[in-house]
Amino acid sequence: MSEREASSEARRAAAMERRPSGALLDISATLTILERYPEQDPGELVNILHDLQAEFRYLPEAALRETAAYLGLPRAQVYGVATFYHGFHIEPRGEHTCTVCMGTACHVRGAPRLLEQVERDTGVAAGATAADLSLNVEEVSCVGACAIGPLVILDGDTHGHMTPDNLSRLVTKLLEKEGPE
Amino acid sequence: MTARLADPGALARHREALAAVRSSERSVVAVCVGTGCRANGAIDVYQALRAEVEAHGGARDVESRATGCQGFCQGGPLLLLFPEGIVYQHVRVKDVPEIVEKTVLGGELVERLLYVDPPTDLQCRREEEIPFYRHQQRTLLRDNGLLDPNSIDDYIALGGYSALAKSLDMGSDAVLEEVKRSGLRGRGGAGFPTGRKWEACRRAEGELKYVVCNADEGDPGAFMDDALLEGNPHSVLEGMIIGAFAMGAREGHVYVRQEYPVAVERITHAIEEARALGLLGEAILGSELSFDLRVSRGGGAFVCGEASAMMASLEGRRGVPRRRLIHLSDKGLWGRPTNLNNVETWANVPHIALKGADWYRSVGTEGSAGTKIFSLVGKVNNTGLVEVPMGTTLRDIVFGAGGGVPGGKAFKAVQTGGPSGGCLPADKLDVPVDFDTLVAEGSMMGSGGMIVMDEDTCMVDVAKYFLRFLASESCGNCTSCRDGLAILHDLLGDITEGRGTRTTIALVEELADTVEATSLCALGTSAVNPVLSTLRYFREEYLAHVDDKRCPAAVCKALITFGIDAERCNGCTLCALRCPQHAITGEKKQLHAIDQELCIKCGICKDVCNRDAVLVH
Amino acid sequence: MDVELIIDDVQVTAPEGASVLDAARRAGVDIPALCHHEAVPAIASCRLCLMEVRRPGRDWVQLTTSCDYPVSAGLVVVTDSPRIRKHRAMNLQLLLRRAPDAPVLRRLAEEFGVTKPLFAPVTDAPLQDCILCELCVRVCSALGYDALAAIGRGEHKRIGPPFGQAAAEDCVGCGSCVEACPTDCIAMEDTATTRTIWGRTFDLQACERCGRPIATREHAAATAAATELPDKNDGLCDGCKRRLVSERLAAPGR
């Protein structure tokens, strides 16, 4: 066994020890992601958080702890970074996502009404997740498709020239479907 | 697989070899799959095109190409045919078989897909005929339609990396001189002279230096950098390699905002391709230059577009800016000399290296040389990316390329410079746009976002919108910015909701003064520009809100009422059916009425009414 | 290497690397600053320590913070002017909104003519009276514990243990954050034998001679580990250590 493999095994063993009982986090998946990056290199923190979030759909506490250990950073710093950037979520996310673009061009074309409509229909405000984890409502400031604004992105599909009425119908349909993987 | 290019000669030979294979008689059908067109279904169109070309057995003579953003987003999905240069707009999957049969193979036009110029009703066949393009000088964006952004060979075939070869030959001193003489100013917003910045980094003490590409592009409504990265990533890379050579940098980062996953993909792929050919890595093209790049993603923070905050982010810390008494060119990333430039700035560099400072200066104005890409959006007919020489007037951009305001509405203002900029009214339309003129008028160029607003836009609402955005993006370090912007937003809320008085306006001005004077970074200091510029040019609108509790543009919900015009209503009941509050009553074929107690001013009734019978006072 | 600069028309000498704020205070000029502590890096958060400064050879005067501005030869600094007072007063208003009852803010408000609050106080912040100056975070980090994090950003930034914990796992109960906090907003409760802070209750080691509490066990252990000296407390508080030394010195036959 190579030195690298040996230290990787040791790392996994230590992480399993640390894992709080009952935690559902896949430690192995976390470490596989971490090991794509050099140890103790704080510059990779944000890239790592992106990869972890792509894997788990949010940033579980245990994953953040392992990241801090791997990079040799204080947990407070890792948590402070994870909560600073709006692209990261530290709470479990809903199955579907409705993102309303609130860029200036879309705003001028009536985007706030779209956000209000979703909130009216689903009770979920921008930045929040439905209590039953069915839906996340997000706002984003400009995705670069201003020509078709105001637009919403539903589970990755972009819909332009949106009106509150149309959005209402699309969101209903969205919630009836199975979520993206 | 092409081997590493050992020297400029090998690069030239590779280019020749590519030219030999790429017959100029060959038809190329390019479908724009930039973000805007992609959101409009362009990928399906591209795939249908490929299938159709295959089916006709014409894959040998006809190349289908998925390209980056062509800029004419309003006409998307766009399809171009070369070498004729024919432009088809609003192309749907169902149009593809006809296009292939009639135009590609048959040489005939599908007229309904041609752009028609509204004032003249003339059909435009080629790009040069379309007013949107006629008003532009597309130095940086031109190749977006001609190459597959995933192909370094396409870039090389068009002349790519010859600027790098020339730079290596000229020597780093000469390259630096050329960039200095060109007068290139940063395209990210501040307009700082790029050559001077490069020189500072070059002169700085330290073995290891960095170059960084700022692709955080946070101004809402601006997507120029996305178009460059998605559509022609090598043009940016080449600029960075030349810059690394001129400054003596060994490592670099491309920092891309996380909201641009396609840009991240393209630039990552481009870097891999460049490395494989030896255009990145050790001894580039056999020279002494060794340089490599990494792609870093942002986490979702507008403030990280600020250079020192970006470096904090790259160092694994919260994106909090720091004071810059010591320049980043002396102590930047990891305390080492760092040169940070915007995507568009880097894209200008190969042109300057290849064609020289004199050529560059021949375009634009005395103080601002070259072209600028503007993202023209909002209440404008031709939404899209417009590249024009500096010094072009706002009128030319908005009404010339932009085709004016849709729906016959009156132009009201154009907002430039993003959340750090200001709103300019109609009497400023003849201002020639450059860095200094816009500042003189109370705005700024910023990264190039240009939002057009019409008579239905409430300028107080616009100011409130920007304050909300900036308050949510504040890093939270400074009391003045963090709390000041939140309160300013609340005060503007008071004004738009009918609780404002003259005192409110006075307090807004006083607080804005302190936010501007005492915030650490440009987010805070320039955050007051939208509200101060709208107070300057549209004060009467603010006064209507506070004195008369009236919103002249009929936008601010608390100050408007929805009613139904007795003359126009035909009792179709559509509004009543759609009203989410069940606030509309009326019998079929009878005049309907809106219950003001229940009405929440959502505007759905106005949207669905076919008779324009819903009035807003 | 010392540096000569002018503060309020008076020639001042300061060590290289010092901030203008430090130099001014050493020269007896008090510039108010709430988020500043000599032992930790400055972040210029409160925005009260304003000055007007002109660099040698330039005629342009800049209004800026002094805590994070290094001294350099020939700087000309003014610490009081109508412009400084105006903006300091407004920033005080903003701070009072978060910490209306903090004594230091009330004193400063009086000194700088802030009589009537302009803004309704914030009552729903997670930590009442916190002005988000991050002194606690910086001090805790400088001491090597990193028990506190700056969480979120902007108006909703808050200070607390990471992971939303009710009890700060890395805290050793040293109380340095309480000492550093300008508005006294961190709750710490000591009994004869315990200390409760940041959701944790620590046992306080008692002095073997007088019985008064010295430090938490965790703090003592962490200090011993950090200094690599034997547990230097010897079970005695500072006062009793001094008395012991005096006794030994006074003992007959020495």
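Residues numbered from 1 in each chain as written. Chains lettered and ligands numbered in written order. Predicted model: local features only at pLDDT ≥ 70, side-chain atom pairs only at ≥ 80, totals over all residues. Heavy atoms only, no water.

A.B. asks: So what exactly am I meant to see when it comes to the overall build of chain C here?
C.D. replies: When helices and strands are counted, chain C shows seven helices and eleven strands. By its C-alpha atoms, chain C is 70 × 55 × 30 Å across when sized along the principal axes. For chain C, the proportion of its 254 residues judged to be buried stands at 48%. A separation threshold of at least 6 residues defines the contact pool for chain C, and within that pool the share at least 24 residues apart is 50%. Accessible surface, chain C as shown: approximately 12900 Å² in total, 51% of it carbon and sulfur. In chain C, which carries 30 positive and 34 negative side-chain charges, the distance between the mean positions of the two groups comes to 2 Å. (Helix = DSSP H or I, 4+ residues; strand = E, 2+ residues; numbered from the N terminus. Buried < 20%, exposed > 50% of the residue type's maximum accessible area, 1.4 Å probe, protein only. Contact = heavy atoms within 4.5 Å. Areas by Shrake-Rupley, 256 points an atom, 1.4 Å probe, with all protein chains shown as cover. Lys, Arg positive; Asp, Glu negative; His and termini not counted. Charge placed at Lys NZ, Arg CZ, Asp CG, Glu CD.)

A.B. asks: Help me understand the interface of chain A and chain B in this model?
C.D. replies: A common way to report how large an interface is uses the accessible area buried once the components associate. At the junction of the two partners, chain A supplies 45 residues and chain B supplies 61 residues. Counting across the chain A and chain B interface gives seven salt bridges. A salt bridge links Asp165(A) to Arg578(B); the shortest N-O distance between them is 2.5 Å. Here chain A is connected to chain B by 25 residue pairs in polar contact (both at pLDDT 80 or more). For the side of chain A that touches chain B, the secondary structure elements donating two or more residues are α3 (45-56), α5 (75-84), α6 (104-108), α7 (111-122), β2 (135-140) and α8 (164-176) of chain A. Taken together, the residues of the side of chain A that touches chain B sort by class into 19 nonpolar, 16 polar and ten charged. (Salt bridge = Lys/Arg side-chain N within 4 Å of Asp/Glu carboxyl O. Polar contact = N/O pair within 3.5 Å; in protein donor to acceptor, adjacent residues only side chain to side chain. Nonpolar A, V, L, I, M, F, W, Y, C, P; charged D, E, K, R; others polar.)

A.B. asks: Any chance you could explain the pattern of salt bridges here in plain terms?
C.D. replies: Any two side chains of opposite charge can pair, so long as their charged atoms come close to each other. Following the criterion strictly, the structure yields 65 salt bridges over all chains and no others. Residue Asp143(B) is joined to Arg142(B) by a salt bridge in which the shortest nitrogen-to-oxygen separation is 3.2 Å. You can call Arg142(B) partly exposed: its relative accessible area is 49%. A salt bridge links Glu52(C) to Arg83(C); its shortest N-O distance comes to 2.7 Å. Of the two residues, Glu52(C) is situated in strand β3 (residues 50-54) and Arg83(C) in helix α2 (residues 82-98); the sequence distance between them amounts to 31 residues. Here the salt bridges share partners, and the residues they tie into one network are Glu61(A), Arg65(A), Arg75(A), Glu169(C) and Asp170(C).

A.B. asks: Can you walk me through the nonpolar core in this structure?
C.D. replies: Nonpolar side chains tend toward joint burial in soluble globular proteins. Of all hydrophobic cores here, the largest spans 144 residues; its most connected members are Tyr88(B), Tyr161(B), Leu164(B), Val256(B), Leu285(B), Phe291(B) and Trp346(B). Ranked by residues supplied to this core, first place goes to helix α11 (residues 233-247) of chain B with nine residues. Other than its neighbours up to four places away in sequence, Tyr88(B) contacts Pro77(B), Leu78(B), Leu79(B), Ile99(B), Thr103(B), Glu108(B), Leu109(B), Val110(B), Leu113(B) and Leu114(B). Leu511(B), Met90(C), Ala149(C) and Phe163(C) belong to the second-largest nonpolar core, a separate cluster that totals 84 residues. (Core = buried A, V, L, I, M, F, W, Y, C linked by side-chain atoms within 4.5 Å.)

A.B. asks: Explanation requested: the packing of helix α7 (residues 162-170) of chain B against helix α14 (residues 343-361) of chain B in the structure shown.
C.D. replies: Helices that pack against each other are described as a pair by the angle of their axes relative to one another and the distance between those axes. All names here are of chain B. At a closest axis distance of 9 Å, the pairing of α7 and α14 adopts a crossing angle of 60°. Between α7 and α14, the angle falls in the class oblique. Here α7 runs over α14; the crossing is left-handed. Side by side, α7 and α14 meet where Ser162, Ala163, Lys166, Ser167 and Met170 of the first sit next to Pro350, Ala353 and Leu354 of the second. Of the residues belonging to the contact of α7 with α14, the class tally is five nonpolar, two polar and one charged. (Axes fitted to C-alpha atoms, helices over the stretch in contact; angles between N-to-C directions. Parallel < 35°, antiparallel > 145°, perpendicular 65-115°, else oblique. Left-handed = near helix turned anticlockwise from the far one by under 90°.)

A.B. asks: Which parts of the structure should I look at to understand the sheet that holds strand β8 (residues 188-190) of chain C?
C.D. replies: Across a sheet, paired strands are connected by hydrogen bonds in the backbone, their directions being either parallel or antiparallel. All names here are of chain C. With antiparallel pairing, the four strands of this open sheet are ordered in space as β8-β9-β10-β11. Of all the strands in the sheet, just β8 and β11 (213-216) have a single pairing partner and so form its edges. Taking the axes of each pair of neighbouring strands and ignoring which way they run, one obtains an average angle of 30° across the sheet. In the sheet, strand β9 (residues 194-197) pairs with strand β10 (residues 200-206) via four bridges, with the strands oriented antiparallel. Opposite Arg195, over in β10, you have Phe202 as the bridge partner. Helix-sheet contacts for helix α6 (residues 217-227) involve β10 and β11, and the interaxial angle to β11 is about 70°. (Pairing = 2+ DSSP bridges.)

A.B. asks: Help me understand the interface of chain C and chain B, please; the structure alone is not making it clear to me.
C.D. replies: Listed per partner, the contact involves 32 residues of chain C and 29 residues of chain B. When the two sides are added together, the surface that chain C and chain B hide from each other amounts to roughly 2500 Å², 50% of it contributed by carbon and sulfur. When residues of chain C are sorted by the area they lose upon contact with chain B, Arg47(C), Leu94(C) and Arg153(C) head the list and together hold 26% of the total. Note that Glu473(B) and Arg153(C) form a salt bridge whose closest N and O atoms lie 2.8 Å from each other. Taken together, the connections running from chain C to chain B amount to 21 residue pairs in polar contact (both at pLDDT 80 or more). Of all elements in the fold, only β4 (61-65), α2 and β6 (149-151) of chain C reach the threshold of two or more residues within the side of chain C that touches chain B. It is α2(C) that contributes the most residues to the side of chain C that touches chain B, eight residues altogether. (Buried area = accessible area lost by both parts, 1.4 Å probe.)

A.B. asks: For this particular structure, what's the right way to read the domain arrangement of chain A?
C.D. replies: Per the domain assignment, the segments making up chain A are domain 1 (20-84) and domain 2 (96-176). Each of domain 1 of chain A and domain 2 of chain A was reduced to a C-alpha centroid, and the two centroids are 30 Å apart. (Domains from an automatic or database assignment.)

A.B. asks: What should I look at first to understand the sheet that holds strand β2 (residues 62-67) of chain B in this one?
C.D. replies: Residue and element names in this part refer to chain B. Read across the sheet, four strands follow the order β2-β1-β3-β4 without closing on themselves; strand pairing throughout is mixed. Each having just a single partner strand, β2 and β4 (86-88) make up the two edges of the open sheet. If you compare each strand with its neighbour and ignore which way they point, the axes differ by 20° on average. For strand β3 (residues 79-82) and β4, the ladder comprises three bridges, and the chain directions are antiparallel. Bridge assignment links Leu81 to a residue of β4, and that residue is Ile86. With respect to the sheet, helix α3 (residues 42-55) is in contact with β1 (27-32) and β2, its orientation differing from that of β2 by roughly 170°.

A.B. asks: Please explain the environment of Asp44(B) as it appears in this structure.
C.D. replies: Residues and elements named next belong to chain B. Note on placement: Asp44 falls in helix α3. Judged by its relative accessible area of 47%, Asp44 falls in the partly exposed class. When the C-alpha atoms of Asp44 and Val91 are compared, they prove to be 10 Å apart, with 47 residues separating the residues in sequence.

A.B. asks: Please explain the packing of helix α19 (residues 502-518) of chain B against helix α21 (residues 529-537) of chain B as it appears in this structure.
C.D. replies: Residues and elements named next belong to chain B. It is the contact of α19 with α21, at a shortest axis distance of 10 Å, that shows an interaxial angle of 135°. One finds that α19 runs oblique with respect to α21. Crossing of α19 against α21: the hand is left-handed. Where α19 abuts α21, its residues Ile505, Val508, Glu509, Ala512 and Glu516 lie against Val531, Leu532 and Leu535. Looking at the contact of α19 with α21, its residues break down into six nonpolar, no polar and two charged.

A.B. asks: Help me understand the domain arrangement of chain C, please; the structure alone is not making it clear to me.
C.D. replies: All names here are of chain C. Domains assigned within chain C are domain 1 (1-122) and domain 2 (135-248). Placing the centre of domain 1 and that of domain 2 at their C-alpha centroids yields a distance of 30 Å. Taken together, the contact between domain 1 and domain 2 spans 13 residues of the former and seven residues of the latter. Around 810 Å² of area is buried between domain 1 and domain 2 when both sides are counted, 61% of it from carbon and sulfur atoms. Among the residues domain 1 hides against domain 2, the three largest losses belong to Leu34, Val40 and Arg98. Together they make up 42% of the total. Scanning the region where domain 1 abuts domain 2 turns up one salt bridge. As a salt-bridge pair, Glu155 and Arg97 come within 3.3 Å of each other at their nearest N and O atoms. Linking domain 1 with domain 2 are four residue pairs in polar contact (both at pLDDT 80 or more). Its residues assigned to classes, the side of domain 1 that touches domain 2 shows nine nonpolar, two polar and two charged.

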